[in-house]
Amino acid sequence: MQDLFVKQLEALRAASLDRHLREISSSQAPEIEIEGRRLLNFSSNDYLGLANDSRLRNAAIDAINEFGVGAGASRLISGTQSPHLRLESALAKWKGTDAALYFSSGYAAALGTIPALVTKDDVVLLDKLCHASLIDAAKLSGAILRIFPHNNLKKLESHLEWTGREHAGKRVLIVTESIFSMDGDRAPVREIVELKKRFDALLMLDEAHAVGVIGPHGRGLAVAEKLSDDVDVQMGTLSKALGASGGYICASQNLIEWLINRARSFIYSTAPPPAIAAAALAAVNFLSSTEGEKRRLQLWERIRLLRKLLLSLNVGRGDTSSERPMPDAERLTLNENSGSAIFPLIVGDEQAALDLAAALKREGFLVPAIRYPTVARGSARLRITVTSSHEENQIRTLCEAIKKMNNRAK
Ligand SMILES: Cc1ncc(COP(=O)(O)O)c(C=O)c1O
(Lines give C-alpha, C1' and ligand atoms only; values in the text may rest on other atoms or scores of the structure.)
Protein backbone atom coordinates (compact mmCIF):
# COMPACT_ATOMS: atom_id res chain seq x y z
CA MET A 1 0.00 0.00 0.00
CA GLN A 2 2.76 2.41 1.11
CA ASP A 3 4.82 1.46 -1.92
CA LEU A 4 1.91 2.12 -4.19
CA PHE A 5 1.75 5.75 -3.12
CA VAL A 6 5.53 6.15 -3.25
CA LYS A 7 5.47 5.02 -6.86
CA GLN A 8 2.49 7.18 -7.68
CA LEU A 9 4.15 10.21 -6.13
CA GLU A 10 7.37 9.47 -8.00
CA ALA A 11 5.41 9.35 -11.23
CA LEU A 12 3.88 12.73 -10.44
CA ARG A 13 7.31 14.21 -9.72
CA ALA A 14 8.77 12.75 -12.89
CA ALA A 15 6.01 14.46 -14.89
CA SER A 16 6.45 17.78 -12.99
CA LEU A 17 2.90 17.38 -11.77
CA ASP A 18 3.47 17.09 -8.02
CA ARG A 19 1.86 19.73 -5.83
CA HIS A 20 2.74 21.13 -2.43
CA LEU A 21 1.11 23.36 0.13
CA ARG A 22 2.78 26.65 0.93
CA GLU A 23 2.24 28.31 4.28
CA ILE A 24 1.10 31.93 4.17
CA SER A 25 1.86 33.47 7.54
CA SER A 26 -0.01 36.73 6.97
CA SER A 27 -3.53 37.80 6.03
CA GLN A 28 -4.62 38.01 2.39
CA ALA A 29 -3.24 41.18 0.79
CA PRO A 30 -1.21 42.23 -2.27
CA GLU A 31 1.87 41.58 -0.14
CA ILE A 32 1.99 38.34 1.84
CA GLU A 33 4.55 36.49 3.90
CA ILE A 34 5.81 33.07 2.87
CA GLU A 35 8.74 31.30 4.54
CA GLY A 36 9.80 34.52 6.20
CA ARG A 37 9.83 36.45 2.92
CA ARG A 38 7.45 39.17 1.75
CA LEU A 39 6.13 38.42 -1.74
CA LEU A 40 3.87 40.41 -4.03
CA ASN A 41 0.82 38.25 -4.43
CA PHE A 42 -0.61 37.93 -7.93
CA SER A 43 -2.36 34.63 -7.27
CA SER A 44 -5.41 35.48 -5.19
CA ASN A 45 -9.09 35.60 -6.18
CA ASP A 46 -9.71 38.22 -3.49
CA TYR A 47 -10.35 40.60 -6.38
CA LEU A 48 -11.75 43.45 -4.27
CA GLY A 49 -9.48 43.07 -1.26
CA LEU A 50 -12.42 42.12 0.96
CA ALA A 51 -10.95 39.00 2.60
CA ASN A 52 -9.34 41.14 5.30
CA ASP A 53 -11.69 44.14 5.14
CA SER A 54 -12.78 45.60 8.47
CA ARG A 55 -16.45 45.55 7.42
CA LEU A 56 -16.35 41.77 6.94
CA ARG A 57 -14.16 41.19 9.99
CA ASN A 58 -16.47 43.21 12.24
CA ALA A 59 -19.59 41.53 10.84
CA ALA A 60 -18.05 38.12 11.58
CA ILE A 61 -16.94 39.15 15.08
CA ASP A 62 -20.38 40.58 15.91
CA ALA A 63 -22.03 37.39 14.64
CA ILE A 64 -19.66 35.20 16.64
CA ASN A 65 -20.55 37.19 19.74
CA GLU A 66 -24.25 36.76 19.03
CA PHE A 67 -24.46 33.27 17.48
CA GLY A 68 -21.23 31.52 18.49
CA VAL A 69 -18.91 29.69 16.12
CA GLY A 70 -20.48 26.46 14.91
CA ALA A 71 -23.98 26.09 13.44
CA GLY A 72 -24.46 22.85 15.37
CA ALA A 73 -26.64 21.03 12.86
CA SER A 74 -27.53 20.82 9.22
CA ARG A 75 -29.75 23.51 7.74
CA LEU A 76 -32.89 21.32 7.77
CA ILE A 77 -32.47 20.19 11.35
CA SER A 78 -31.63 23.19 13.56
CA GLY A 79 -28.67 24.83 11.80
CA THR A 80 -30.54 27.61 9.98
CA GLN A 81 -29.70 30.75 11.91
CA SER A 82 -30.70 34.32 11.15
CA PRO A 83 -27.45 35.22 9.28
CA HIS A 84 -28.05 32.36 6.80
CA LEU A 85 -31.53 33.63 5.95
CA ARG A 86 -30.45 37.28 5.86
CA LEU A 87 -27.68 36.38 3.44
CA GLU A 88 -30.02 34.39 1.20
CA SER A 89 -32.56 37.17 0.92
CA ALA A 90 -29.78 39.72 0.22
CA LEU A 91 -28.32 37.46 -2.48
CA ALA A 92 -31.69 37.03 -4.18
CA LYS A 93 -32.28 40.78 -4.13
CA TRP A 94 -28.76 41.55 -5.38
CA LYS A 95 -29.04 39.05 -8.25
CA GLY A 96 -32.66 39.90 -9.03
CA THR A 97 -34.02 36.37 -8.56
CA ASP A 98 -36.94 35.02 -6.52
CA ALA A 99 -34.77 33.15 -4.08
CA ALA A 100 -31.26 32.02 -3.17
CA LEU A 101 -29.68 29.12 -1.33
CA TYR A 102 -26.37 29.30 0.55
CA PHE A 103 -24.04 26.27 0.47
CA SER A 104 -20.84 25.66 2.42
CA SER A 105 -18.75 26.17 -0.74
CA GLY A 106 -19.09 26.79 -4.46
CA TYR A 107 -17.96 23.21 -4.96
CA ALA A 108 -20.79 21.99 -2.71
CA ALA A 109 -23.28 24.22 -4.55
CA ALA A 110 -22.38 22.57 -7.87
CA LEU A 111 -22.25 19.08 -6.42
CA GLY A 112 -25.65 19.41 -4.79
CA THR A 113 -27.40 21.24 -7.60
CA ILE A 114 -26.68 19.40 -10.85
CA PRO A 115 -27.68 15.94 -9.53
CA ALA A 116 -30.86 17.50 -8.12
CA LEU A 117 -31.77 18.94 -11.52
CA VAL A 118 -30.97 16.01 -13.80
CA THR A 119 -30.80 12.27 -13.42
CA LYS A 120 -30.11 9.17 -15.51
CA ASP A 121 -31.56 9.55 -19.05
CA ASP A 122 -31.41 13.36 -18.88
CA VAL A 123 -28.60 15.17 -20.70
CA VAL A 124 -25.93 17.61 -19.50
CA LEU A 125 -24.06 19.70 -22.08
CA LEU A 126 -20.92 21.13 -20.52
CA ASP A 127 -18.22 23.51 -21.82
CA LYS A 128 -14.85 21.74 -22.05
CA LEU A 129 -13.15 24.28 -19.79
CA CYS A 130 -15.72 24.17 -17.01
CA HIS A 131 -14.46 24.00 -13.44
CA ALA A 132 -13.92 20.62 -11.76
CA SER A 133 -16.90 21.19 -9.45
CA LEU A 134 -19.25 21.32 -12.46
CA ILE A 135 -17.66 18.31 -14.13
CA ASP A 136 -17.78 16.25 -10.94
CA ALA A 137 -21.39 17.27 -10.33
CA ALA A 138 -22.41 16.36 -13.88
CA LYS A 139 -20.75 12.94 -13.51
CA LEU A 140 -22.37 12.39 -10.12
CA SER A 141 -25.82 13.10 -11.56
CA GLY A 142 -25.60 10.00 -13.76
CA ALA A 143 -27.04 12.00 -16.67
CA ILE A 144 -25.72 11.54 -20.20
CA LEU A 145 -22.78 13.93 -20.44
CA ARG A 146 -21.66 15.67 -23.64
CA ILE A 147 -18.75 18.08 -23.60
CA PHE A 148 -18.70 20.86 -26.19
CA PRO A 149 -15.41 22.54 -27.21
CA HIS A 150 -14.79 25.74 -25.32
CA ASN A 151 -17.33 28.44 -26.24
CA ASN A 152 -18.15 26.58 -29.48
CA LEU A 153 -21.75 27.54 -30.25
CA LYS A 154 -21.94 25.44 -33.42
CA LYS A 155 -21.01 22.31 -31.50
CA LEU A 156 -23.38 23.18 -28.68
CA GLU A 157 -26.15 23.61 -31.25
CA SER A 158 -25.38 20.25 -32.84
CA HIS A 159 -25.39 18.59 -29.39
CA LEU A 160 -28.82 20.14 -28.77
CA GLU A 161 -30.09 18.85 -32.13
CA TRP A 162 -28.74 15.39 -31.31
CA THR A 163 -30.41 15.50 -27.91
CA GLY A 164 -33.74 16.44 -29.53
CA ARG A 165 -33.42 13.46 -31.89
CA GLU A 166 -32.05 10.83 -29.54
CA HIS A 167 -33.41 11.88 -26.18
CA ALA A 168 -36.65 13.62 -26.98
CA GLY A 169 -38.67 14.58 -23.93
CA LYS A 170 -35.67 14.37 -21.59
CA ARG A 171 -34.43 17.30 -19.57
CA VAL A 172 -31.38 19.04 -21.02
CA LEU A 173 -29.09 21.16 -18.87
CA ILE A 174 -26.45 23.42 -20.44
CA VAL A 175 -23.64 24.26 -18.01
CA THR A 176 -21.05 26.97 -18.50
CA GLU A 177 -19.15 29.71 -16.67
CA SER A 178 -19.39 33.42 -17.23
CA ILE A 179 -15.64 33.90 -16.65
CA PHE A 180 -13.48 30.83 -17.08
CA SER A 181 -11.29 30.36 -14.05
CA MET A 182 -8.01 29.39 -15.70
CA ASP A 183 -8.41 31.36 -18.94
CA GLY A 184 -10.13 34.55 -17.86
CA ASP A 185 -12.30 34.71 -20.97
CA ARG A 186 -16.11 34.93 -21.11
CA ALA A 187 -18.86 32.69 -22.35
CA PRO A 188 -21.08 34.07 -25.13
CA VAL A 189 -24.02 34.04 -22.73
CA ARG A 190 -26.46 35.90 -24.98
CA GLU A 191 -26.04 33.37 -27.80
CA ILE A 192 -26.23 30.45 -25.36
CA VAL A 193 -29.49 31.84 -23.98
CA GLU A 194 -30.88 31.98 -27.54
CA LEU A 195 -29.95 28.32 -28.05
CA LYS A 196 -31.35 27.20 -24.72
CA LYS A 197 -34.65 28.92 -25.52
CA ARG A 198 -34.81 27.45 -29.02
CA PHE A 199 -34.20 23.93 -27.73
CA ASP A 200 -36.14 24.32 -24.50
CA ALA A 201 -33.14 23.49 -22.33
CA LEU A 202 -32.16 24.70 -18.87
CA LEU A 203 -29.09 26.90 -18.40
CA MET A 204 -26.78 26.91 -15.39
CA LEU A 205 -24.18 29.67 -15.27
CA ASP A 206 -21.30 29.60 -12.80
CA GLU A 207 -20.44 33.22 -12.01
CA ALA A 208 -17.61 32.39 -9.58
CA HIS A 209 -15.12 34.79 -11.19
CA ALA A 210 -17.67 37.32 -12.41
CA VAL A 211 -19.55 38.35 -9.27
CA GLY A 212 -17.96 41.38 -7.71
CA VAL A 213 -16.09 42.02 -10.95
CA ILE A 214 -18.62 42.38 -13.77
CA GLY A 215 -21.86 44.26 -14.12
CA PRO A 216 -23.31 47.10 -12.11
CA HIS A 217 -22.41 46.63 -8.44
CA GLY A 218 -20.62 43.42 -9.40
CA ARG A 219 -23.84 41.50 -9.89
CA GLY A 220 -22.28 39.29 -12.56
CA LEU A 221 -22.53 38.68 -16.27
CA ALA A 222 -26.16 37.53 -16.41
CA VAL A 223 -27.27 40.81 -14.83
CA ALA A 224 -24.82 42.85 -16.91
CA GLU A 225 -26.30 41.36 -20.09
CA LYS A 226 -29.85 41.76 -18.76
CA LEU A 227 -30.31 38.00 -19.00
CA SER A 228 -31.00 37.28 -15.38
CA ASP A 229 -34.51 35.99 -16.14
CA ASP A 230 -33.19 33.66 -18.84
CA VAL A 231 -30.49 31.95 -16.79
CA ASP A 232 -32.35 29.27 -14.84
CA VAL A 233 -29.60 28.58 -12.35
CA GLN A 234 -27.15 31.31 -11.34
CA MET A 235 -24.35 29.80 -9.33
CA GLY A 236 -21.56 31.67 -7.60
CA THR A 237 -19.14 31.66 -4.76
CA LEU A 238 -18.69 34.02 -1.85
CA SER A 239 -15.05 32.99 -1.52
CA LYS A 240 -13.49 35.06 -4.28
CA ALA A 241 -14.40 38.73 -4.90
CA LEU A 242 -16.76 38.64 -1.92
CA GLY A 243 -13.89 37.82 0.40
CA ALA A 244 -15.78 35.32 2.60
CA SER A 245 -16.61 31.67 2.02
CA GLY A 246 -19.44 29.52 0.71
CA GLY A 247 -21.35 29.09 -2.53
CA TYR A 248 -24.83 30.04 -3.64
CA ILE A 249 -27.53 29.26 -6.14
CA CYS A 250 -29.91 32.05 -7.18
CA ALA A 251 -33.03 30.89 -9.02
CA SER A 252 -36.82 30.69 -8.97
CA GLN A 253 -38.62 29.97 -5.72
CA ASN A 254 -39.63 26.50 -6.91
CA LEU A 255 -36.13 25.55 -7.99
CA ILE A 256 -34.69 26.67 -4.64
CA GLU A 257 -37.38 24.74 -2.76
CA TRP A 258 -36.51 21.69 -4.84
CA LEU A 259 -32.83 22.07 -3.91
CA ILE A 260 -33.73 22.33 -0.22
CA ASN A 261 -35.44 18.96 -0.67
CA ARG A 262 -32.96 17.27 -2.97
CA ALA A 263 -29.47 18.84 -2.96
CA ARG A 264 -27.51 16.29 -0.94
CA SER A 265 -24.48 18.52 -0.26
CA PHE A 266 -26.90 21.02 1.28
CA ILE A 267 -29.01 18.54 3.23
CA TYR A 268 -26.35 16.20 4.59
CA SER A 269 -23.82 18.75 5.83
CA THR A 270 -23.68 20.99 8.88
CA ALA A 271 -24.76 24.55 8.07
CA PRO A 272 -21.86 26.94 7.39
CA PRO A 273 -20.75 28.98 10.41
CA PRO A 274 -23.21 31.86 10.89
CA ALA A 275 -20.33 34.33 11.23
CA ILE A 276 -19.19 33.53 7.70
CA ALA A 277 -22.71 34.11 6.41
CA ALA A 278 -22.69 37.46 8.24
CA ALA A 279 -19.34 38.37 6.66
CA ALA A 280 -20.66 37.43 3.20
CA LEU A 281 -23.73 39.58 3.81
CA ALA A 282 -21.45 42.50 4.70
CA ALA A 283 -19.69 41.93 1.37
CA VAL A 284 -22.97 41.93 -0.59
CA ASN A 285 -24.04 45.13 1.19
CA PHE A 286 -20.68 46.73 0.46
CA LEU A 287 -20.88 45.82 -3.23
CA SER A 288 -24.35 47.31 -3.41
CA SER A 289 -23.07 50.64 -2.05
CA THR A 290 -21.50 53.58 -3.91
CA GLU A 291 -18.21 52.87 -2.20
CA GLY A 292 -18.37 49.24 -3.32
CA GLU A 293 -18.94 50.30 -6.91
CA LYS A 294 -15.95 52.66 -6.61
CA ARG A 295 -13.82 49.72 -5.42
CA ARG A 296 -14.99 47.64 -8.38
CA LEU A 297 -14.12 50.44 -10.81
CA GLN A 298 -10.68 50.67 -9.21
CA LEU A 299 -10.25 46.96 -9.93
CA TRP A 300 -11.02 47.71 -13.58
CA GLU A 301 -8.33 50.42 -13.63
CA ARG A 302 -5.86 47.81 -12.41
CA ILE A 303 -7.10 45.25 -14.95
CA ARG A 304 -6.65 47.78 -17.77
CA LEU A 305 -3.16 48.72 -16.60
CA LEU A 306 -2.01 45.10 -16.35
CA ARG A 307 -3.50 44.31 -19.73
CA LYS A 308 -1.84 47.31 -21.35
CA LEU A 309 1.56 46.42 -19.87
CA LEU A 310 1.26 42.74 -20.79
CA LEU A 311 0.28 43.74 -24.31
CA SER A 312 3.35 45.90 -24.59
CA LEU A 313 5.43 42.84 -23.64
CA ASN A 314 3.70 40.77 -26.29
CA VAL A 315 2.82 38.12 -23.73
CA GLY A 316 -0.85 38.87 -23.32
CA ARG A 317 -4.04 36.88 -23.25
CA GLY A 318 -5.15 34.75 -26.13
CA ASP A 319 -6.80 31.59 -27.27
CA THR A 320 -5.54 29.41 -24.47
CA SER A 321 -7.49 26.36 -25.60
CA SER A 322 -5.28 26.07 -28.68
CA GLU A 323 -2.25 25.30 -26.50
CA ARG A 324 -0.05 27.80 -28.36
CA PRO A 325 2.83 29.08 -26.26
CA MET A 326 2.75 32.84 -25.57
CA PRO A 327 -0.41 33.81 -27.46
CA ASP A 328 -0.57 36.77 -29.85
CA ALA A 329 -1.16 40.04 -28.14
CA GLU A 330 -3.37 41.25 -31.02
CA ARG A 331 -6.10 38.98 -29.78
CA LEU A 332 -6.55 41.16 -26.73
CA THR A 333 -9.31 43.66 -26.64
CA LEU A 334 -9.11 46.53 -24.28
CA ASN A 335 -12.66 47.06 -23.15
CA GLU A 336 -14.43 45.84 -20.06
CA ASN A 337 -16.85 43.71 -22.04
CA SER A 338 -14.33 41.05 -22.84
CA GLY A 339 -11.98 41.05 -19.90
CA SER A 340 -11.60 39.83 -16.38
CA ALA A 341 -9.09 39.95 -13.54
CA ILE A 342 -7.48 36.67 -14.70
CA PHE A 343 -4.49 36.75 -17.07
CA PRO A 344 -3.11 33.38 -18.13
CA LEU A 345 0.37 33.31 -19.65
CA ILE A 346 0.46 30.04 -21.48
CA VAL A 347 3.80 28.29 -21.26
CA GLY A 348 2.87 24.78 -22.43
CA ASP A 349 5.42 22.55 -20.78
CA GLU A 350 4.75 21.76 -17.11
CA GLN A 351 8.37 22.02 -15.93
CA ALA A 352 8.90 25.25 -17.88
CA ALA A 353 5.87 26.77 -16.12
CA LEU A 354 7.25 25.67 -12.73
CA ASP A 355 10.66 27.15 -13.59
CA LEU A 356 9.08 30.47 -14.55
CA ALA A 357 7.01 30.55 -11.35
CA ALA A 358 10.17 29.79 -9.33
CA ALA A 359 12.11 32.53 -11.14
CA LEU A 360 9.32 35.02 -10.39
CA LYS A 361 9.34 33.93 -6.76
CA ARG A 362 13.07 34.63 -6.55
CA GLU A 363 12.29 38.13 -7.82
CA GLY A 364 9.66 38.53 -5.08
CA PHE A 365 6.38 37.59 -6.83
CA LEU A 366 3.87 34.84 -6.14
CA VAL A 367 2.45 33.78 -9.49
CA PRO A 368 1.55 30.10 -9.44
CA ALA A 369 2.13 27.61 -12.24
CA ILE A 370 -1.16 25.95 -13.14
CA ARG A 371 -0.78 22.44 -14.53
CA TYR A 372 -2.68 19.28 -15.40
CA PRO A 373 -5.22 18.20 -14.24
CA THR A 374 -6.43 21.77 -13.53
CA VAL A 375 -5.72 22.56 -17.19
CA ALA A 376 -5.12 20.25 -20.15
CA ARG A 377 -1.77 18.47 -20.39
CA GLY A 378 0.78 20.60 -22.23
CA SER A 379 -1.10 23.85 -21.57
CA ALA A 380 0.58 24.71 -18.28
CA ARG A 381 0.51 28.39 -17.52
CA LEU A 382 1.23 31.16 -15.13
CA ARG A 383 -2.08 32.47 -13.86
CA ILE A 384 -1.81 36.11 -12.89
CA THR A 385 -4.69 37.67 -11.01
CA VAL A 386 -4.94 41.33 -10.18
CA THR A 387 -6.97 42.97 -7.43
CA SER A 388 -8.20 46.45 -6.63
CA SER A 389 -5.70 46.54 -3.76
CA HIS A 390 -2.62 46.26 -5.97
CA GLU A 391 -0.78 49.52 -6.36
CA GLU A 392 0.14 50.62 -9.85
CA ASN A 393 3.86 50.32 -9.16
CA GLN A 394 3.39 46.72 -7.95
CA ILE A 395 1.81 45.86 -11.29
CA ARG A 396 4.58 47.63 -13.15
CA THR A 397 7.34 45.78 -11.26
CA LEU A 398 5.65 42.45 -12.00
CA CYS A 399 5.59 43.27 -15.71
CA GLU A 400 9.25 44.34 -15.60
CA ALA A 401 10.12 40.95 -14.09
CA ILE A 402 8.11 39.10 -16.75
CA LYS A 403 9.77 41.16 -19.45
CA LYS A 404 13.21 40.20 -18.15
CA MET A 405 12.24 36.53 -18.17
CA ASN A 406 10.66 36.73 -21.58
CA ASN A 407 13.79 38.34 -23.03
CA ARG A 408 15.94 35.64 -21.46
CA ALA A 409 13.74 32.95 -23.03
CA LYS A 410 14.07 34.43 -26.54
C1 LIG B 1 -15.37 28.50 -11.73
C2 LIG B 1 -15.40 28.01 -10.31
N3 LIG B 1 -16.51 27.43 -9.86
C4 LIG B 1 -16.59 26.98 -8.60
C5 LIG B 1 -15.54 27.11 -7.72
C6 LIG B 1 -15.68 26.56 -6.33
O7 LIG B 1 -15.94 27.58 -5.42
P8 LIG B 1 -15.47 27.42 -3.91
O9 LIG B 1 -14.02 27.77 -3.87
O10 LIG B 1 -16.33 28.37 -3.15
O11 LIG B 1 -15.70 26.00 -3.54
C12 LIG B 1 -14.36 27.74 -8.16
C13 LIG B 1 -13.20 27.97 -7.29
O14 LIG B 1 -12.63 27.28 -6.59
C15 LIG B 1 -14.29 28.19 -9.49
O16 LIG B 1 -13.18 28.75 -9.95
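The structure this text deals with has already been given above.
Now for a quick tour of the structure. (Residues numbered from 1 in each chain as written. Predicted model: local features only at pLDDT ≥ 70, side-chain atom pairs only at ≥ 80, totals over all residues. Heavy atoms only, no water.)

## Structural notes on the pairing of strand S6 (residues 172–177)
At step 1: Burial analysis of S6 places 6 of its 6 residues in the buried class, the great majority of the element.
At step 2: A two-sided burial pattern is seen for S6, the buried positions comprising Val 172, Ile 174 and Thr 176 on one face and Leu 173, Val 175 and Glu 177 on the other.
At step 3: Where strand S4 (residues 123–127) meets S6, 4 bridges bridge the pair, whose relative direction is parallel. Bridged to Val 124 within S6 is Leu 173.
At step 4: On the question of chirality, the crossover connecting S6 to the parallel strand S7 (residues 202–206) by way of helix H8 (residues 189–198) is right-handed. (Buried < 20%, exposed > 50% of the residue type's maximum accessible area, 1.4 Å probe, protein only. Helix = DSSP H or I, 4+ residues; strand = E, 2+ residues; numbered from the N terminus. Pairing = 2+ DSSP bridges. Right-handed = clockwise from strand over helix to strand, strands pointing away.)

## Section: the nonpolar core
At step 1: Ranked by internal contacts, the top residues of the largest apolar core, which has 89 residues, are Leu 87, Leu 91, Leu 360 and Ile 384.
At step 2: Among the elements that make up this core, the one with the highest residue count is helix H12 (residues 274–288) (11 residues).
At step 3: If near-sequence neighbours (up to four positions away) are discounted, Ile 384 is found in contact with Phe 42, Leu 306, Ala 341, Ile 342, Phe 343, Leu 345, Val 367, Leu 398 and Ile 402.
At step 4: Among the nonpolar cores identified, the runner-up in size contains 30 residues, and Ala 108, Ile 249, Ala 263 and Phe 266 belong to it. (Core = buried A, V, L, I, M, F, W, Y, C linked by side-chain atoms within 4.5 Å. Contact = heavy atoms within 4.5 Å.)

## Some points on the layout of surface pockets
A water-sized probe, rolled over the atoms, reveals where empty space remains.
At step 1: Looking at the largest pocket, its volume works out to about 950 Å³.
At step 2: Lining the largest pocket are 31 residues, and of these His 20, Arg 22, Pro 368, Ala 369 and Ile 370 lie nearest its centre.
At step 3: Looking at the lining of the largest pocket residue by residue, the classes come out as 14 nonpolar, 9 polar and 8 charged. (1 Å grid on protein atoms, 1.4 Å probe; cavity = no way out; pocket = protein on both sides within 12 Å on 5 of 7 lines; lining within 4 Å. Points joined across faces, edges and corners; volume = space filled by probe spheres on them. Nonpolar A, V, L, I, M, F, W, Y, C, P; charged D, E, K, R; others polar.)

## Some details on the pattern of salt bridges
If charged atoms from side chains of opposite charge come close, those side chains can pair.
At step 1: In the structure shown here, the tally under the stated rule is 19 salt bridges.
At step 2: In this structure, Glu 31 and Arg 38 form a salt bridge, with 3.2 Å as the shortest nitrogen-oxygen distance.
At step 3: Glu 31 sits in the partly exposed class, given a relative accessible area of 34%.
At step 4: For Arg 38, a relative accessible area of 45% gives the class partly exposed.
At step 5: One salt bridge connects Glu 88 with Arg 75, and the closest N-O pair in it is separated by 2.9 Å. (Salt bridge = Lys/Arg side-chain N within 4 Å of Asp/Glu carboxyl O.)

## Regarding the sheet that holds strand S10 (residues 342–348)
At step 1: A sheet is described by the order of its strands in space; here 3 strands give the open sequence S10-S13-S12, paired in antiparallel fashion. Bordering the open sheet on either side are S10 and strand S12 (369–370), each of which pairs with just one other strand.
At step 2: Pairing geometry for S10 and strand S13 (residues 380–385), over 6 bridges, is antiparallel. Bridging from a neighbouring strand, Phe 343 pairs with Ile 384 of S13.

## Observations concerning the environment of Ser 245
At step 1: Among the structural elements, Ser 245 can be located in the loop between strand S8 (233–237) and strand S9 (247–251).
At step 2: In this structure Ser 245 comes out as partly exposed when scored by relative accessible area, which is 33%.
At step 3: In the structure, Ser 245 is positioned 35 residues away from Ala 280 in sequence and 7.1 Å away in space, judged by C-alpha atoms.

## Let's talk about the site of the ligand
At step 1: Neighbouring the ligand are 14 residues; Gly 106, Asp 206, His 209, Thr 237 and Lys 240 lie closest to it.
At step 2: When isolated, the ligand has an accessible area of 390 Å², and the protein chains bury 84% of it.
At step 3: Considered class by class, the residues forming the shell around the ligand number 3 nonpolar, 8 polar and 3 charged. (Near = heavy atom within 4 Å. Areas by Shrake-Rupley, 256 points an atom, 1.4 Å probe, with all protein chains shown as cover.)

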